[in-house]
Number of protein chains: 2
Amino acid sequence: MTTKPSIDWDALTSELEGIEVITEPTQIAKLSLDYYHFSPVLQGQLADKRGDLVVRPSSEEEVLRVAAVCVKYQVPLTVRGAGTGNYGQCIPLKGGVILDTTKMNGIRWIKPGLACVEPGVKLAAFDKKARETGWELRMAPSTYRTATIGGFIGGGSGGIGSITYGQLRDCGNLQAVRVVTMEDQPRVIQLRGNDVQKVNHAYGTNGIITELEIPLGPAYPWAELIVVFDDFMTAAKFGQSLSYADGLIKKLVSIHAWPIPSYFAALKSYLPEGKHCALLMIAESSLEPLQDLIEEYSGQVTYNKTAQEAGKGTLLAEFTWNHTTLHVRSVDPTLTYLQSLFPVDKNLTLVEQMCQHFGDEVIMHLEFLRLGGEIMPAALQIVRYTTEERLNEIISYHEANGVMVANPHTYILEDGGMKTVDLEQFKFKKMVDPYGLLNPGKMRAWQELKNSHG
Amino acid sequence: MTTKPSIDWDALTSELEGIEVITEPTQIAKLSLDYYHFSPVLQGQLADKRGDLVVRPSSEEEVLRVAAVCVKYQVPLTVRGAGTGNYGQCIPLKGGVILDTTKMNGIRWIKPGLACVEPGVKLAAFDKKARETGWELRMAPSTYRTATIGGFIGGGSGGIGSITYGQLRDCGNLQAVRVVTMEDQPRVIQLRGNDVQKVNHAYGTNGIITELEIPLGPAYPWAELIVVFDDFMTAAKFGQSLSYADGLIKKLVSIHAWPIPSYFAALKSYLPEGKHCALLMIAESSLEPLQDLIEEYSGQVTYNKTAQEAGKGTLLAEFTWNHTTLHVRSVDPTLTYLQSLFPVDKNLTLVEQMCQHFGDEVIMHLEFLRLGGEIMPAALQIVRYTTEERLNEIISYHEANGVMVANPHTYILEDGGMKTVDLEQFKFKKMVDPYGLLNPGKMRAWQELKNSHG
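Residues numbered from 1 in each chain as written. Chains lettered and ligands numbered in written order. Predicted model: local features only at pLDDT ≥ 70, side-chain atom pairs only at ≥ 80, totals over all residues. Heavy atoms only, no water.

### A few points about the packing of helix H8 (residues 232-244) of chain B against helix H9 (residues 287-296) of chain B
Residues and elements named next belong to chain B.
Then, in step 1: Direction vectors running N to C along H8 and H9 enclose 150 degrees, while the axes themselves pass 10 Å from each other. The two elements H8 and H9 cross, and the hand of that crossing is right-handed. On H9, the residues that touch Phe 238, Ser 241 and Leu 242 of H8 are Leu 290, Leu 293 and Ile 294.
Then, in step 2: For the contact of H8 with H9, the per-class residue count stands at 5 nonpolar, 1 polar and no charged. (Axes fitted to C-alpha atoms, helices over the stretch in contact; angles between N-to-C directions. Helix = DSSP H or I, 4+ residues; strand = E, 2+ residues; numbered from the N terminus. Left-handed = near helix turned anticlockwise from the far one by under 90°. Contact = heavy atoms within 4.5 Å. Nonpolar A, V, L, I, M, F, W, Y, C, P; charged D, E, K, R; others polar.)

### Focus: the interface of chain B and chain A
Then, in step 1: The interface of chain B with chain A comprises 36 residues on the first partner and 36 residues on the second.
Then, in step 2: Across the interface of chain B and chain A, roughly 2900 Å² is buried in total on both sides, 49% from carbon and sulfur atoms.
Then, in step 3: The largest share of the area that chain B buries against chain A comes from Cys 171, Asp 246 and Glu 288 of chain B, three residues that together contribute 20% of it.
Then, in step 4: Summed over the shared surface of chain B and chain A, the number is 6 salt bridges.
Then, in step 5: Glu 374 of chain A is paired through a salt bridge with Lys 346 of chain B; the nearest N and O atoms lie 3.7 Å apart.
Then, in step 6: Applying the counting rule to chain B against chain A returns 12 residue pairs in polar contact (both at pLDDT 80 or more).
Then, in step 7: When contributions to the side of chain B that touches chain A are tallied by element, the ones reaching two or more residues are helix H7 (162-165), strand E10 (208-218), H9, strand E18 (365-371) and strand E19 (374-379) of chain B.
Then, in step 8: Residue composition of the side of chain B that touches chain A, by class: 14 nonpolar, 14 polar and 8 charged. (Buried area = accessible area lost by both parts, 1.4 Å probe. Salt bridge = Lys/Arg side-chain N within 4 Å of Asp/Glu carboxyl O. Polar contact = N/O pair within 3.5 Å; in protein donor to acceptor, adjacent residues only side chain to side chain.)

### Structural notes on the domain arrangement of chain A
Residues and elements named next belong to chain A.
Then, in step 1: Domain annotation for chain A reports domain 1 (107-218) and domain 2 (222-405).
Then, in step 2: Using C-alpha coordinates to define each centre, domain 1 is positioned 26 Å away from domain 2.
Then, in step 3: Taken together, the 17 residues of domain 1 in the interface contact 21 residues of domain 2.
Then, in step 4: By the criterion of area lost to domain 2, the three top residues of domain 1 are Ser 142, Ile 160 and Ile 163, representing 46% of everything that side buries.
Then, in step 5: Across the contact surface, domain 1 and domain 2 share 2 salt bridges.
Then, in step 6: Here Arg 145 makes a salt bridge to Glu 318, at a shortest N to O gap of 2.7 Å.
Then, in step 7: Connecting domain 1 to domain 2 are 9 residue pairs in polar contact (both at pLDDT 80 or more).
Then, in step 8: Listed by contribution, the elements that provide at least two residues to the side of domain 1 that touches domain 2 are strand E7 (135-137) and helix H7 (162-165).
Then, in step 9: Tallying contributions element by element places H7 first for the side of domain 1 that touches domain 2, with 3 residues.
Then, in step 10: Its residues assigned to classes, the side of domain 1 that touches domain 2 comprises 4 nonpolar, 8 polar and 5 charged. (Domains from an automatic or database assignment.)

### Considering the packing of aromatic side chains
Residues and elements named next belong to chain A.
Then, in step 1: The full count for this structure, using the stated rule, is 20 aromatic pairs over all chains.
Then, in step 2: Taking the centre distance of 6.0 Å and the plane angle of 70 degrees together, the rings of Phe 238 and Tyr 297 count as edge-to-face. Here the residue Phe 238 occupies a position in helix H8 (residues 232-244), and Tyr 297 occupies one in the loop between helix H9 (287-296) and strand E14 (300-305), the gap between them amounting to 59 residues. Residues Phe 238 and Tyr 297 agree in their burial class; the two are buried.
Then, in step 3: Among the aromatic residues, those joined into a ring-pair cluster are Tyr 35, Phe 38 and Tyr 337. (Phe/Tyr/Trp six-rings, centres within 6.5 Å; stacked < 30°, edge-to-face > 60°. Buried < 20%, exposed > 50% of the residue type's maximum accessible area, 1.4 Å probe, protein only.)

### Side note on the pattern of salt bridges
Residue and element names in this part refer to chain A.
Then, in step 1: All chains considered together, the criterion is met by 50 salt bridges over all chains.
Then, in step 2: Arg 444 serves as the salt-bridge partner of Glu 448, at 3.5 Å between the closest nitrogen and oxygen. A residue pair is termed a helical-turn pair when its members lie 3 or 4 positions apart in one helix, as Glu 448 and Arg 444 do in helix H16 (residues 444-449) at 4 residues.
Then, in step 3: Residue classification places Glu 448 among the partly exposed residues on the basis of a relative accessible area of 49%.
Then, in step 4: On the basis of relative accessible area, Arg 444 is assigned to the partly exposed category, the value being 30%.
Then, in step 5: A network of salt bridges, in which partner residues are shared, links Glu 20, Arg 56, Asp 100 and Lys 103.

### Examining helix H11 (residues 322-331) of chain B
All names here are of chain B.
Then, in step 1: With 7 of 10 residues buried, H11 lies mostly within the body of the structure.
Then, in step 2: Among the residues of H11, Asn 322, His 323, Thr 324, Thr 325, His 327, Val 328 and Arg 329 are the ones counted as buried.
Then, in step 3: Of the surrounding secondary structure, the elements contacted by the buried residues of H11 are helix H3 (40-46), strand E12 (250-256), strand E15 (335-337), E18 and strand E20 (382-384).

### Re the relation of the copies chain B and chain A
Then, in step 1: The two copies are related by a screw operation: chain B maps onto chain A through 180 degrees of rotation and 0.0 Å of translation along the axis, at an RMSD of 0.0 Å. Look at the turn and shift together and you get a two-fold axis relating the two.
Then, in step 2: The share of interface residues of chain B whose copies in chain A are also at the interface is 100%, consistent with both copies meeting through the same surface. (Least-squares fit on C-alpha atoms with pLDDT ≥ 70 in both.)

### Overview of the environment of Phe 358 of chain A
All names here are of chain A.
Then, in step 1: Residue placement: Phe 358 occurs in helix H12 (residues 349-358).
Then, in step 2: By relative accessible area, which is 6% here, Phe 358 ends up buried.
Then, in step 3: In this structure the C-alpha to C-alpha distance between Phe 358 and Val 383, which are 25 residues apart in sequence, comes to 9.5 Å.

### Focus: the pairing of strand E11 (residues 222-229) of chain B
All names here are of chain B.
Then, in step 1: A large share of E11 lies buried, amounting to 8 of its 8 residues.
Then, in step 2: The alternating pattern of E11 places Trp 222, Glu 224, Ile 226 and Val 228 and Ala 223, Leu 225, Val 227 and Phe 229 on opposite faces, both of which are buried.
Then, in step 3: Sheet analysis places E11 next to strand E13 (residues 276-283), joined by 8 bridges and oriented antiparallel. The partner of Glu 224 across the bridge, within E13, is Met 281.
Then, in step 4: Pairing analysis gives 5 bridges linking E11 to strand E14 (residues 300-305), with the strands arranged antiparallel. Counterpart to Ile 226 in the pairing with E14 is Tyr 303. (Pairing = 2+ DSSP bridges.)

Structure below.
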């Protein structure tokens, strides 16, 4: 499927009357891309990708109209939120219409522990409202201030908060979605329960999400701390012990080997030369017992803000997860990163082995999280990039030693994550997007299986 | 140390003027005992144990006076809350004074996530107040309605809520305690942070707790459910999957092999003949995704109450943990129980092995919990008691196969739990109770080491 060169864009646009349409090339260029440039591999593959026009529907009804028009003209449609992804999740490989969801930013309702929102609501904006009721998002990416909830579900997998609630794909972390189909007569399908997995983290390849029901967590007052350590493995083991401490309420356990902290300009005065650091979000009521744990690992607290203070200025979360990479690259754009998951191991043997093996070429950045009920160290290592070949060698070495790498240097859905075709998502795509118009080129299963499965 | 026969009780009592003293024998008998009779072994050892008098101080100042008088007369002092323990934690082996804390039931303050209370406040009474502020106790025993917070800390280890917050001894689950010493001049010591472990779960052998700071959890609306299964191992594996699901908010995952449910008279209509059951407390916002998990394991929901409905009548929690044993024994007093912890194993192999090995002699009752950050199945198996020798064989078989048994058939602190002497607790006792007057006979370390360690 490629966009037919014969598309009559004027005719198509005229059918979208009443819906905001953007045709200005600079704007289209901006709304065609994401943070794919974190990857030197994707830089070469995606820099020139552009949609033909951008639509900004403000309601599900308008989305249905856009879908119908795209089907009629057989034009690709790629959905985007705020475009804060890192591997081209929302970059249109084959032109066509970009559906920007940011005008669909309504909050339908917030109940204790559960909310219903439109996809384009920004995470931070939602949280501000939710916190007034004592609740907040269970997890968020480091792009919290700008990213949308729909984009997070479509392209994300977890983040700040995953140390308590696990991953977005874990049972209970997404309650329901409404999606608009790309059938000849587009319709709305509601998916509840396990059925949400059909579109969860599918890059918008198999339905246009128009509403989500998301569970909430209690809004603890989160203190923010930086703790520094002389030795990286001590910092890592501190992070692990904190992660295993069920009595300490936490939202973020982010561990950075020197010299990563040297790239955090705004935090410079809290990050002594040569020291490894932990960036933490801890419930204020857990701060006192945390002190014992910090002492046990000979950590030194250099930064300690109450929730109230933290809310006003710098957010430590904006130096963690992939914001770490952002800061590092803003100083040295030759650097890139990996995404990986280390096996459960109380001694962190493989973490240490990888540090020793790669030295300064791969600098360790751990994010502790829960996955399937177990605590695991995930890593977004900073890589001193030389060639794509060497990058692949680094990935292969990790995999050969038992580290699972979720390769962030591919825009293919299956290649980035679990490495296997998700048949449920594929089957759902066959039903809702029979012409393969949604974000074409991203789902490998579609290319390989579309003609072979019934 | 035994109570000197020459104690002048009248003189002693006169020094307690202004403090409530109970001397009536029936009352003393009642206030000398606990639920030790769950154990046929302890029945023979403890039934005749009595204090000489009971005091009910109403303040820390009065506790200081009681302590001074007991030291002066060299009389044993045994602290009790509501006496809901199961292995004689508060039964005076050598007579003396019983210090009943139930008049010290003040709530000093409740802040978000943290509260300060006197030891005699009842768990349910506290929770009622805390819930008005959106918070509640992180964990509670099944004796929630009657037990005191001080008694739970002194004699308990975890319970309902431990599936989320772990054990009372885990870092962060007890913030601070004040204790009165039994020195020549009794004084008050405040223990904070890790230092609380000196008196945590020490049966009141090394200090009289007069105030506690306890962390709280958010007060979710907890729905209560009974789910029944045709096959026990399916019920067990359902419980395990639920326990591992970080996206499902839960407070209780209690699994009962038939015929245990046949003893739950009040729930009879929800417990079909021959079916194994799960008793659950789940946040209302997690009920919908829970349905998928129930279906996956072919469970059948027979009882489903909202938090509001559940609060009014029967509490399912009162059929779990050691209330299970209570109900079973109220029908058949020849039955008793074990307390055990199975190793982490996703296949629950040992659980199945023990079920097969013992058949109807040891009936499986699992309580899933977190311990040190990991999900584990604990068990309070119902045992068809024949002889003490056979009981010990059963325990030995479990231990030989890798099941940790916290023997509930001993009143000795170290023999019931971790099987090792806690040197910190022993050293603290040497300091605060130099005459060994506090709950004498319970701490093995004191008997064995009091003259050997500096």
